[in-house]
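Listed below, chain by chain, are the residues.
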Amino acid sequence: MAQPIRVLVAKPGLDGHDRGALVIAQGLRDEGFEVIYTGLRQTPLQIVATAIQEDVACIGLSSLSGAHMELFPEVVRLLRERQAEDILVIGGGVVPDEDRKALLEQGIAEVFTPGTKIQEVAEFIRSHVRFDSLGEDTEVGLTNKVDHVAIAVPRIADALPFYTQVLKLSVVHEEVIHDQQVKAVFVKAGDVHIELLEPTAESSPIAKFVQQKGGGLHHIAYEVKDAADALAAAEQAGFRLIDKKPRFGGRGKLIGFVHPKDTNGVLVEFCQLTTEEVHAP
C-alpha cells in the first residue's frame, strides 16, 4: 500500500503569524498528506535538519515577514549541501510577483500567494514530488530484466530470414548446446535477445515441442543475480521447478526452469551471467 506523502510545513525566521501555515497544514491533511508542523521561528538549519530526520518528500515554507528572499533560498542551499535536494521545496506568503520569479530561479519549486486553493497546492505537490523519496516499494525483486525470448523452430535456416530480412535484426551469436540437443541462434532486438532453437536430435525436448505444437514460443528467460537463489525463492513461494539446481545453458549462463503449469502455461527460465558467458553485443 502506498504511503502518504509526508510534508513539513515550516515557519522560518521571526515571523510570529502562523494562522495561514496552520490552515495549509490542516488542508493538506484533509487531502491525505502526512503533515508535520515545525512551529514558529525556525532557522533554515533547523528546518532542513527536521526535514531530513523526518524523511519528508516536501517542505512548505511560510513567511509573512518579508524575509522570504533570504530564508527560502537558504533552505534550498542547505538541502543541496546535505545532498537532500530531492526534497521538493514550495513557498507561501505575501510574495510580490517579481520575488516569486527570483525564488523560482533559486530552486523554490512554486510560490503560492493568498487566495490559492488547498487543492491547487495539493495537486502541485502530488505532481512534482519525487516518488523515490517516498520510501515505498524499496524491496528488491528477483529481476527487472528479460534476457531473451526463446522460439522453437523446425529449421533455423527457414525461420531466420524473417528476423534478418524483414525485421532487419542482426545475428549476434550461435552455438550448439550438446547436452540439450539444440542449435541456438541469438538475434538482438533492442535490449532483449531472440533465441531461435532448432533440435539436433529426435530425442531433444525441443524436437518433441516442435512435433506437438509445430514450434513457437518456448520460454521467456529472466536475468537474475543468482539462479540458485531465484529457484529457491520460486519453490518457497509454491512454484514447481523443472530444475532443482542451476545448470549451464546457452552462452555459458547458469540457468534453471520453473514449471509452466504454475506460470500460466509459459515456461520460465532464470539465467545468471557467469565468467563463462559467451558475450553477445
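Structure shown above.
Since the model is a prediction, treat every value here as computed from it, not as a measurement.

Another point: the side chain of H148. Here H148 is to be found in strand β6 (residues 146-152). Among the polar contacts listed, one links the side chain of H148 to the side chain of D147, at a separation of 2.7 Å. Of the polar contacts made by the side chain of H148, one reaches the side chain of E195; its length is 3.1 Å. For H148, the residues in contact, after removing those within four places along its chain, are F186, V192, H193, E195, H219, I220, A221 and E269.

With respect to the helices and strands, A207 occurs in helix α7 (residues 205-213). Of the residues examined, A207 reaches a relative accessible area of 6% and is grouped as buried. Along the chain, A207 and L40 lie 167 residues apart, while their C-alpha atoms are 77 Å from each other. Each residue touching A207, except ones within four places of it in the same chain, is listed here: P199, A201 and E202.

The next point concerns unusual backbone geometry. In this structure, D55 takes a positive phi of about 55° despite not being glycine. Within the element layout of this structure, D55 appears in the loop between α2 (44-54) and β3 (58-63). For R251, which is not glycine, the phi dihedral falls at a positive 60°. Secondary-structure assignment places R251 in the loop between β11 (247-248) and β12 (254-258).

Spatially, β2-β1-β3-β4-β5 is the arrangement adopted by the 5 strands of the open sheet, whose pairing is parallel. Two strands bound the open sheet, and with one partner strand each, they are β2 (34-37) and β5 (110-112). The average undirected angle you get between the axes of adjacent strands in this sheet is 25°. Inspection of the sheet shows β3 paired to strand β4 (residues 88-93) by 6 bridges, in the parallel sense. Looking across to β4, one finds that G60 is bridged to I90. Packed on one face of the sheet, α2 meets β1 (6-10), β2 and β3 and runs near 165° to β1.

If you look at soluble globular proteins, the nonpolar side chains tend to sit buried side by side. Counting residues in hydrophobic clusters, the biggest one holds 22 residues, and the most contacted among them are I59, L61 and L79. Sorting the residues of this core by element identifies β1, α2, β3 and α3 (68-81) as the ones contributing at least two each. Per-element tally for this core: the top contributor is α3, with 6 residues. If you look at the next biggest cluster of nonpolar residues, it comprises 18 residues, including V7, L88, I125 and V129.

All told, the structure shown has 16 salt bridges when counted by the stated rule. When the shortest N-O distance is used, the salt bridge between R6 and E34 registers 2.8 Å. Taken together, the positions of R6 in strand β1 and E34 in strand β2 put the pair 28 residues apart, joining distant regions of the chain. The class of E34 is partly exposed, set by a relative accessible area of 31%. Its salt-bridge partner being R82, residue E81 comes within 2.9 Å of it at the nearest N-O pair. Residue class for R82 comes out partly exposed when judged on its relative accessible area of 35%. Within this structure, E74, R77, E81 and R82 form a network of salt bridges that share partners.

A word on the layout of surface pockets. Over the atoms, a rolling probe the size of a water molecule traces out where space has been left empty. Approximately 630 Å³ is the volume attributed to the largest pocket. In terms of lining, the largest pocket is formed by 32 residues, of which the most central are I206, H218, H219, F257 and L267. Those elements giving two or more residues to the lining of the largest pocket turn out to be β6, β8 (182-189), β9 (192-199), α7, β10 (216-223), β12 and β13 (267-272). For the lining of the largest pocket, the leading source of residues is α7, giving 6 residues. Within the lining of the largest pocket, the residues separate by chemical class into 15 nonpolar, 9 polar and 8 charged.

Here is what the cut-offs are and how they apply
- Residues numbered from 1 in each chain as written.
- Predicted model: local features only at pLDDT ≥ 70, side-chain atom pairs only at ≥ 80, totals over all residues.
- Heavy atoms only, no water.
- Helix = DSSP H or I, 4+ residues; strand = E, 2+ residues; numbered from the N terminus.
- Polar contact = N/O pair within 3.5 Å; in protein donor to acceptor, adjacent residues only side chain to side chain.
- Contact = heavy atoms within 4.5 Å.
- Buried < 20%, exposed > 50% of the residue type's maximum accessible area, 1.4 Å probe, protein only.
- Pairing = 2+ DSSP bridges.
- Axes fitted to C-alpha atoms, helices over the stretch in contact; angles between N-to-C directions.
- Core = buried A, V, L, I, M, F, W, Y, C linked by side-chain atoms within 4.5 Å.
- Salt bridge = Lys/Arg side-chain N within 4 Å of Asp/Glu carboxyl O.
- 1 Å grid on protein atoms, 1.4 Å probe; cavity = no way out; pocket = protein on both sides within 12 Å on 5 of 7 lines; lining within 4 Å.
- Points joined across faces, edges and corners; volume = space filled by probe spheres on them.
- Nonpolar A, V, L, I, M, F, W, Y, C, P; charged D, E, K, R; others polar.

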